[in-house]
Amino acid sequence: MEAIQGSGPAQASRATIIQTRPLAPRIGAEILGLDLRDDLSAQVLEAIRDTWHRNGVILIRGQSLDEAAQVKFAQRFGDLGKVLHAHEGRSSLPGVMYISNVRENGKLIGALPDGEMYFHSDQCYIETPSVGTMLYAMEVPSKGGDTIFASMFAAYDELPDDLKSKIEGCKALNVYDYQNAATVRGSEVKAGVPSFAHPMVKAHSATGRKALYFNRLMTDHIVGMDKSESDALLERLFDHQEQERFLYRHVWKPGDLLLWDNRSTLHARSDFDASERRKMRRTVVVREH
Ligand code: SIN
């Protein structure tokens, strides 16, 4: 399945051999006509990679992937991460985990089982976060549990000049502590909790395009700034990042595969009925080849 003529506006200049269409005005592209179990040529892979870099999120629907097929496809982009935190969501293959509320023998089979999640980018609390996250839908609730993406390229481009100059050269501390960091400002960052200060504006490692790099879920404060000033500024910045015009909301269907770029997007999750099953398989690309 290759040498498909491109036609969509989201189509990348080098991606004329795949067919794409935009998901939203500023973020996301759907790639059509691929079966990811096929042996995709290097040329098709480069077109997919280019589309991912430029659009932040790619969607490929209607897949039928077992663990090995998902790992094989993800590995074409780079080295896969091992699962960072101990939980029941590990699979027998390193680098595969489940995001799920399903229980087997009374135990959760996955991480992040239920509930809403604020906007964040994966692993922003470590020095070298994974560049991409791939999520494949196996079982989805009848309503809710949507994943919502925000373009941090567009949010940077459209940041008002006064805010741009306030964060110029600044770093923000990101913390992995959902209860006590971003959601409860004013509390101390607890000892031993993973945290790392990243520049608030980062150039994408593949394209050089600038993106905002901080988020409501995990960013605790701006380094070196008075706490109340930092809290007030972050609140304005989070509100800016999460404006509707920067977003794409994905309503999942089984067989959907999404790959998002943690360098240029944030994602959040909407609430869903905890009594309904949700099972997603996740692989993360730590660094690109
Ligand atoms: C995540 O934040 O990685 C989970 C996204 C989701 O469950 O939709």
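Computed from a predicted structure; not experimentally measured. (Residues numbered from 1 in each chain as written. Predicted model: local features only at pLDDT ≥ 70, side-chain atom pairs only at ≥ 80, totals over all residues. Heavy atoms only, no water.)

## Considering helix α1 (residues 42-55)
Since the α-helix advances by 3.6 residues per turn, residues separated by three or four positions end up pointing in the same direction. For clarity, the cut-off: Numbering goes from the N terminus for both helices and strands, where a helix is a DSSP run of H or I of at least four residues and a strand is a run of E of at least two. For a helix, the expected span equals 1.5 Å multiplied by the number of residues minus one. Burial status follows relative accessibility: with a 1.4 Å probe on protein chains alone, a residue under 20% of its type maximum counts as buried, one over 50% as exposed, and anything between as partly exposed.
For α1, built from 14 residues, the straight-helix expectation of 20 Å at 1.5 Å per residue is met to within 8% by its first-to-last C-alpha distance of 20 Å. Those residues of α1 that sit buried are Val-44, Leu-45, Ala-47, Ile-48, Arg-49, Asp-50, Thr-51, Trp-52, His-53 and Asn-55. Two residues or fewer after α1 comes Gly-56, characterised by a positive phi angle close to 85°.

## Thoughts on the nonpolar core
For soluble globular proteins, the rule of thumb is that nonpolar side chains tend to be buried together. Basically, it comes down to this: What we call a nonpolar core is a set of buried Ala, Val, Leu, Ile, Met, Phe, Trp, Tyr and Cys residues that are connected through their side-chain atoms within 4.5 Å. Start and end positions for the domains come from either an automated domain assignment or a database one. The contact rule is simple, with two residues in contact once any of their heavy atoms fall within 4.5 Å.
Counting 27 residues, the largest nonpolar core has Ile-167, Met-200, Leu-212 and Leu-237 as its most contacted members. Tallying contributions element by element places helix α3 (residues 152-157) first for this core, with five residues. Residues lining this core come from more than one domain, with at least three contributed by each of domain 1 (2-151 + 245-288) and domain 2 (152-241). In contact with Ile-167, other than residues within four places in its own chain, are Leu-159, Met-200, Val-201, Leu-212, Phe-214, Leu-233 and Leu-237. In terms of nonpolar packing, the next biggest core, distinct from the first, is built from 24 residues, Ile-17, Met-134, Tyr-136 and Val-285 among them.

## Some remarks on the pairing of strand β10 (residues 147-151)
For the record, the criterion: By definition, two strands form a pair when at least two bridges between them are found by DSSP.
Counted residue by residue, β10 has five buried out of five residues, so it is predominantly covered. Here β10 shows no split at all, with Thr-147, Phe-149 and Ser-151 on one side and Ile-148 and Ala-150 on the other all buried. Relative to strand β16 (residues 247-250), β10 runs antiparallel, the two being bridged by four bridges. Note that in β16 the partner of Phe-149 across the bridge is Tyr-248.

## Some points on the pattern of salt bridges
Pairing between side chains of opposite charge can happen when their charged atoms approach one another. For clarity, the cut-off: Any carboxyl oxygen of Asp or Glu within 4 Å of a side-chain nitrogen of Lys or Arg constitutes a salt bridge here.
Summed over all chains, the structure comprises 22 salt bridges. A cluster of three or more residues bridged by salt bridges with shared partners is formed by Glu-46, Arg-49, Asp-261, Arg-263 and Glu-288.

## Focus: the packing of aromatic side chains
The following threshold applies: Centre distance within 6.5 Å is the pairing criterion for rings of Phe, Tyr and Trp, where only the six-membered ring of Trp is used; planes under 30 degrees apart are then read as stacked, over 60 as edge-to-face, and the remainder as tilted. Sitting over a ring, as applied to charges here, requires NZ of Lys or CZ of Arg to be within 6 Å of the ring centre and within 35 degrees of the ring normal.
One pass over the full model with this rule turns up five aromatic pairs. Residues Phe-73 and Phe-77 carry aromatic rings whose centres are separated by 5.2 Å and whose planes lie at 85° to one another, so their mutual orientation is edge-to-face. Both rings, one in Tyr-125 and one in Tyr-176, keep their centres 4.7 Å apart while their planes meet at 40°; by these two values the pair is tilted. Remark: Tyr-176 occurs in the loop between β11 (171-175) and β12 (195-199) and Tyr-125 occurs in the loop between β8 (117-120) and β9 (132-139); sequence separation between them is 51 residues. We classify Tyr-125 as buried; its relative accessible area is 5%. Of note, Lys-164 hangs over the ring of Tyr-156, and the distance from its end group to the ring centre comes to 4.4 Å. It is Lys-279 that lies over the ring of Tyr-98; its NZ or CZ is 5.4 Å from the centre.

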